[in-house]
Amino acid sequence: MNRVRGWSGENNLMEMSPSDYYPDEMNGSYHDSSGPGFLYGESEIEKRQISKNLVFFRDGVRRIDFVLSYTDEDSEKHRRKRELYEANLIKVGLELETEDKIESEDGKTYFVKIHAPWEVLATYADVLKIKAPFKVNDLQRKSMNPLSWLATPLRLPDHIMYPDPDYFTAPFNKSKADFFLIDDKDTFFTPATRNRIVYYILSRCAYGEDERLDKDKKGIKRLLNNGTYTAAFPLHDGKYWVKPKDSSFERDRYNLYQHWATFSCFFKEQPLNLIRKYYGERIGLYFAWLGFYTEMLFFAAIVGSICFYYGLTSYKDNEWSKEICNEQIGGNIVMCPLCDKKCTYWKLSTTCNASWQAHLFDNAGTLFFAIFMGIWVTLFLELWKRRQARLAYEWDLVDFEEAEQQLQIRPEYENKCTSRKLNPITQESELVLERTATDIVGKVFLCWITVLLWICLTISCIIGVIAYRLAVYAAFASFMKEHEEFNKMGSSITPQLATAVTGSCINFVIIMILNLMYDRVAIWITNLEIPKTHVEYENKLTVKMFLFQFVNYYSSIFYVAFFKGKFIGYPGGYSYMFGQTTRLRNEECDPGGCLIELTTQLVIVMTGKQVWGNIQESLVPVVMNWWRGRGARNHPDSLYSRWEQDNDLVVFGQLQLFDEYLEMVIQFGFVSLFVASFPLAPLLALFNNIIEVRVDAWKLTTQFRRPVAAKAHSIGAWGEILSGIAILSVVTNAFIVAFTSDMIPRLVYMYAYQPDGVVTMRGYINNSLSLFNISEFLPANRPDDDELPAWFNGSIKTCRYQDYRYPPGHQNQYTHTLQFWHILAAKLAFIIIMEHIVFMIKFFLAWLIPDVPIDVRDRVRRERYLVQENLYKFEVEKVRSQFGYVDEENEVFSRHNAL
């Protein structure tokens, strides 16, 4: 068995037997000496036997850093573009090797394998300011948690958590290559760094006849879009489901699958350093943030469950529900109709079950949990800043903003540039896109007008759903009255429930359709702005997408929380949507209260989105890969090459990670903005995220092509959005407690309006309902005679409705009572007090918790000090060696790399 030295992990050995292949000196390809052939039409093609894990050129030495694929079913124009493009790649210094179509599984696909030699890697590592190790870290890694030993069952092996030693690093300088710890040039740059450098070259290489005249003809993206190439991707390092035969052979993809992507590891920590090593910092930061968010949800879920348990066990103290369910009290209270004509009078006792259900979420624990979540979001954001700062240091991202980000210029921007300008800070010439003020204002105006129009379209759809609910409510009420099977079910199915469920389903479908359409619109208008850097592009797209998604997902919940049941008027003076001519009477809350309806809406939208997202994320890649690889599943493994396997996988799109962030940020909004109405929201989010982490890991490791590694110093604009949601959540939860729940009216009654002068809720129901004279109903509001219940008779002269208004016969009849204004003042006072208390705690915690841990700050300072000191010594030694002055101290220093 011959062993060919390669790279993967620390000791990658690719095992190949001498009979696996032999060279054909005539055409430079390899042919199988005994393997089977395949029939294409009537001709049999002899295919060579290839190891599925072969990630090297035919010589078994040069590593494949990138792969391009194309078919011969295209025009001469495309062939010419490929010739020019590949010739320019060779001029840059890249090495290419082409696999003929007869060697492919379908018999018509060519694969161009690309290898970046040391000179190219060193040159572009210098250009991109990629950090490289120059000294072993002499500071011990400290545990962030003194009780970390309790988490031993949750830990992964050290070789998985820390696949590489810890080094001090500095920006690579090709002219000072001897300064860095270079044991082997072939393994000095990790595969993630190598494919990142190659993609940087591919994105800027020209394919036109004359580069000066054809400035737009650059980059692999354009060649993919116009069909010149069908795919461009870096290779996975092997099979994820088979353990390497040699125990010294470390394959990162296999390790990621075994210790990260399987659901059996759901309780384990994530191997973030290995994720970063294999996929790059940008993807690593996403999973670090998702894991930290899930950890923090655990504490919110515990407190939320305790609050829910309190509501579940405190039903014995629920005096108002007892009064509703009491036939002597609630059974004798006749309520006014909830809609015109088709709705009739009803007894308050019919809402007995709804009242008990509402108490589960509308109790004293609601206030406590709303305040707790205001503090929780602050702790989450502040502690994440610390975690992000630690990762930024460990992953060499501390100076990324200043050094590397400006080099991440988009090829699309470069192609539009027509001149250069001296940067007054760096004193270097840089590309400039000359745009007039009219162009800038016009494009910005067009972009934001488009966003505004789509937001208005979303609001219009929500208004349409509200109009639907108003229009069909009476129809549902009449339909259920006419069909006995619904009457037998009692209060299980009500017109309110039927209307809410169907309206929510229609709303959910509209949300999905608008999301699908707006994705393309957001990308189009962002491209019009021609952002300079990749980070700027993502930030602009993030803001546009989130504004739309915020309105799309939350508008219906905002309606139920803050508008439904608030502007209904009173019997004899009802308010109508779009005026009385429409006859669409403003919707009242469910008899159980507005909060229970808000809870229902939140659960439907939040749970529906999460379930649909997980199903879609799991099934779509599997189905697509099954369809694309259906022809190769029956082939022997040895005839299905590494690049063919990866070519059949789903593409990890440009916005794939963006969509993952957006999904979690929208969920964060559900958890924080409206959590006062549903304390179990963090628990549902926790269960979803435990699954989400492993589903994302599984599909990334097994179902997607390996994405190009990319750097990012933080989670970008998402951090600012999360901070905005955290501030808004304090306001929304304060308003929910004050205006959506009945907590403030109960407290006002208990301490100011209790007739017996004791602190009790006895008599609250009668106090909270106003009287209306039935004879004063307008003909348009009065129920039809055939809708009247059997128990209704002429002795009933009044009906009740939920409000604080003077009774008929009073000199100020049907106007608000003094108690109404006292309750309104109490609500406003509560909002002000709660917001100030929570904001004071938030600002205090933000001041108390430093964004950068002290030990990280010390490490950064020490690393910068060592860079300056060692570079100085290196330059001094270099000068002395040129003049022949070498002393013992410098000899020791010259061998520091070996140490």
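All chains use their own residue numbering, which begins from 1 and follows the written sequence. Per-residue local features are limited, in this predicted model, to residues with pLDDT of at least 70; the limit for side-chain atom pairs, both in listing and counting, is 80 or more; totals at the level of whole chains, interfaces and linings are taken over all residues. Excluded from the side-chain calculations are hydrogens and water; all other atoms, namely the structure's heavy atoms, are used.

Once that is clear, we can look at the state of the cysteines. By convention in this document, the label disulfide applies to cysteine sulfur atom pairs within 2.5 Å. With the rule as written, the count across this model stands at three disulfides. Shown here is the disulfide that connects Cys325 with Cys352, its sulfur atoms set 1.8 Å apart. Between Cys325 and Cys352, the disulfide has an S-S torsion of 95° and is therefore right-handed. Residue Cys325 is located in helix 10 (residues 319-325), and its partner Cys352 is located in helix 11 (residues 352-359); the two are separated by 27 residues in the primary sequence. We classify Cys352 as buried; its relative accessible area is 17%. Numbering of helices and strands runs from the N terminus; a helix is a DSSP stretch of H or I covering at least four residues, while a strand is a stretch of E covering at least two. Working definition: with a 1.4 Å probe on protein chains only, accessible area under 20% of the residue-type maximum means buried, over 50% means exposed, and in between means partly exposed.

The next point concerns the environment of Leu84. Take Leu84: it is sitting in helix 1 (residues 76-92). Expressed as a C-alpha distance, the spacing of Leu84 and Gly208, which sit 124 residues apart in the sequence, is 6.9 Å.

With that settled, the discussion passes to the packing of helix 12 (residues 364-394) against helix 26 (residues 818-848). All axes are obtained by fitting lines to C-alpha atoms, using only the stretch in contact for helices, and the reported angles, taken between N-to-C directions, cover 0 to 180 degrees. Relative orientation of the contacting elements helix 12 and helix 26 amounts to 25°, with a least axis distance of 9 Å. With respect to helix 26, the axis of helix 12 lies roughly parallel. In the crossing of helix 12 with helix 26, the sense of the turn from one axis to the other is right-handed. Along its contact with helix 12, which presents Leu367, Ala370, Ile371, Gly374, Ile375, Val377, Thr378, Leu379 and Glu382, the element helix 26 presents Phe830, Met834, Val838, Ile841, Lys842, Leu845 and Ala846. Any residue that is not Ala, Val, Leu, Ile, Met, Phe, Trp, Tyr, Cys, Pro, Asp, Glu, Lys or Arg is counted as polar, Gly included; the first ten are nonpolar and the last four charged. Residues of the contact of helix 12 with helix 26, tallied by class, amount to 12 nonpolar, two polar and two charged. The scheme is simple: roughly parallel for angles under 35 degrees, roughly antiparallel for over 145, roughly perpendicular for 65 to 115, oblique for anything else. Rotating anticlockwise by less than a right angle from the far helix to the near helix defines a left-handed crossing, while the corresponding clockwise rotation defines a right-handed one. Contact criterion: two residues are considered in contact whenever any of their non-hydrogen atoms come within 4.5 Å of each other.

What follows deals with helix 21 (residues 656-673). Multiply 1.5 Å by the residue count of a helix minus one, and that product is the helix's expected span. Compared with an ideal rise of 1.5 Å per residue, which puts 18 residues at 26 Å, helix 21 spans 26 Å between its outermost C-alpha atoms and is within 8% of the ideal. Where burial is concerned, most of helix 21 is hidden: 16 out of the 18 residues are buried.

With that out of the way, let us pick up the packing of helix 19 (residues 594-628) against helix 21. Direction vectors running N to C along helix 19 and helix 21 enclose 160°, while the axes themselves pass 11 Å from each other. Here helix 21 runs roughly antiparallel to helix 19, going by the angle between their axes. Pair helix 19 / helix 21 crosses with left-handed handedness. Contacts between helix 19 and helix 21 involve Leu602, Val605, Met606, Lys609, Gln610 and Glu617 on the former and, on the latter, Glu660, Glu663, Ile666, Gln667, Phe670 and Val671. For the contact of helix 19 with helix 21, the per-class residue count stands at six nonpolar, two polar and four charged.

On to a nonpolar patch on the surface. Patch criteria: residues need more than 30% relative accessible area and no salt bridge. Like-charged residues are merged within 9 Å; nonpolar side chains of Val, Leu, Ile, Met, Phe, Trp and Tyr are merged within 5 Å. The Shrake-Rupley method, run with a 1.4 Å probe sphere, supplies the accessible areas, and residue values consider only the shown protein chains as cover. Salt bridge, as used here, is a side-chain nitrogen of Lys or Arg placed within 4 Å of a carboxyl oxygen of Asp or Glu. On the surface, Leu154, Phe263, Phe266, Phe267 and Ile691 cluster together into a nonpolar patch covering about 440 Å² of accessible area. Checked against the element boundaries, Phe266 lands in the loop between helix 7 (252-261) and helix 8 (272-279).

This brings us to the pairing of strand 7 (residues 66-71). Of all six residues that make up strand 7, six are buried, and the element is covered over most of its length. Paired strands, in this sense, are two strands between which DSSP finds at least two bridges. As defined by bridge partners, strand 7 adjoins strand 9 (residues 109-115) across six bridges and the pair is classed as antiparallel. Its bridge partner being in strand 9, Leu68 is matched across the sheet by Val112. Two elements, strand 7 and strand 12 (residues 231-233), share three bridges in a ladder whose sense is antiparallel. Within strand 12, the position partnered with Leu68 by the bridge is Ala232.

Below, the discussion takes up the side chain of Asp65. Relative to the assigned elements, Asp65 resides in the loop between strand 6 (43-46) and strand 7. Side-chain polar atoms of Asp65 contact the backbone nitrogen of Ala116, separated by 2.8 Å. Any pair of nitrogen or oxygen atoms within 3.5 Å is treated as a polar contact; in protein, a donor-acceptor pairing is required on top of that, and neighbouring residues in sequence qualify only through side-chain atoms on both sides. In this structure the side chain of Asp65 is engaged in a polar contact, spanning 2.7 Å, whose partner is the side chain of Arg194.

Below, the discussion takes up the sheet that holds strand 12. Reading across the sheet, the four strands line up as 8-9-7-12 and stay open at both edges, with antiparallel pairing between neighbours. What marks the edges here is a single partner per strand, and that holds for strand 8 (95-99) and strand 12. Neighbour-to-neighbour, the strand axes of the sheet open up by a mean angle of 20°, direction not taken into account. Most of the contacts of helix 1 go to strand 7, to which it runs at about 165°, and overall it touches strand 7, strand 8 and strand 9.

Note on aromatic pairs: the rings of Phe, Tyr and Trp (six-membered ring only in Trp) are paired at centre separations within 6.5 Å, and the planes decide the class, stacked below 30 degrees, edge-to-face beyond 60, tilted for the rest. Counting across every chain of the model gives 60 aromatic pairs. Relative to Phe372, the ring of Phe369 has its centre 6.1 Å away and its plane inclined at 20°; by these criteria the two rings are stacked. With a gap of three residues between them, Phe369 and Phe372 both fall in helix 12, about one helical turn apart. Classification of Phe369 by relative accessible area gives buried; the value is 0%. Judged by relative accessible area, which is 21%, Phe372 ranks as partly exposed. With 6.3 Å between their ring centres and 85° between their planes, Phe562 and Phe735 make a pair best called edge-to-face. Taken as a pair, Phe562 in helix 18 (residues 534-562) and Phe735 in helix 23 (residues 717-740) lie far apart in primary sequence, 173 residues in all. The exposure class assigned to Phe735 is partly exposed, which follows from its relative accessible area of 30%. We count a charge as sitting over a ring when the NZ of a lysine or the CZ of an arginine lies within 6 Å of the ring centre and within 35 degrees of the ring normal. In this structure, Arg706 packs its charged tip against the face of Tyr278, placed 3.8 Å from the ring centre. The ring of Trp320 carries the charged tip of Arg746 above its face, separated from the ring centre by 4.0 Å.

Our focus in this paragraph is the confidence of the model for the protein chain. pLDDT runs from 0 to 100 and stands for how confident the predictor is about each residue. On average, the protein chain scores 80 in pLDDT, and the residues at 70 or more come to 81%. Segment residues 1-53: pLDDT under 50, and 129 contacts once partners within four positions in sequence are set aside and those in other chains are kept. Residue range residues 487-491 is modelled with pLDDT below 50. Its contacts to residues more than four positions away, or to other chains, number four contacts.

The next thing to look at is unusual backbone geometry. The phi dihedral of Lys129 is positive, around 55°, even though this residue is not glycine. Position of Lys129 relative to the elements: it lies in the loop between helix 2 (118-127) and strand 10 (131-136). Backbone geometry at Tyr814 places phi at a positive 65°, although glycine is not the residue there. Checked against the element boundaries, Tyr814 lands in the loop between strand 20 (798-802) and helix 26.

This brings us to the pattern of salt bridges. Evaluated as defined, the whole model comprises 29 salt bridges. Across the salt bridge formed by Arg276 and Glu281, the nearest N and O atoms sit 2.9 Å from each other. Residue Arg276 is classed as partly exposed on the basis of its relative accessible area, which comes to 22%. With its nearest N and O atoms 3.7 Å apart, the salt bridge here joins Glu295 to Arg387. Of this pair, Glu295 sits in helix 9 (residues 281-313) while Arg387 is found in helix 12, placing the two residues 92 residues apart along the sequence. One network of salt bridges, in which partners are shared, links Arg58, Glu97, Glu99 and Lys113.

Turning to the nonpolar core, a few remarks are in order. Of all hydrophobic cores here, the largest spans 141 residues; its most connected members are Trp260, Trp289, Tyr293, Trp376, Phe380, Tyr554 and Phe670. The element best represented in this core is helix 9, accounting for 16 residues. Among residues more than four places away in sequence, those in contact with Trp289 are Phe380, Trp384, Tyr661, Met664, Val665, Ile715 and Leu722. The definition of a nonpolar core used throughout is a set of buried Ala, Val, Leu, Ile, Met, Phe, Trp, Tyr and Cys residues joined through side-chain atoms within 4.5 Å. Core analysis: the second largest hydrophobic core is formed by 44 residues, Ile130, Phe188, Tyr229 and Tyr393 among them.

Our focus in this paragraph is the environment of Asn773. By secondary structure assignment, the location of Asn773 is in strand 19 (residues 769-773). Expressed as a C-alpha distance, the spacing of Asn773 and Ile796, which sit 23 residues apart in the sequence, is 9.6 Å. Aside from chain neighbours lying at most four places away, what touches Asn773 is Lys797, Thr798, Pro808 and Tyr814. One polar contact links Asn773 to Ser775, side chain to side chain, over a distance of 2.8 Å.

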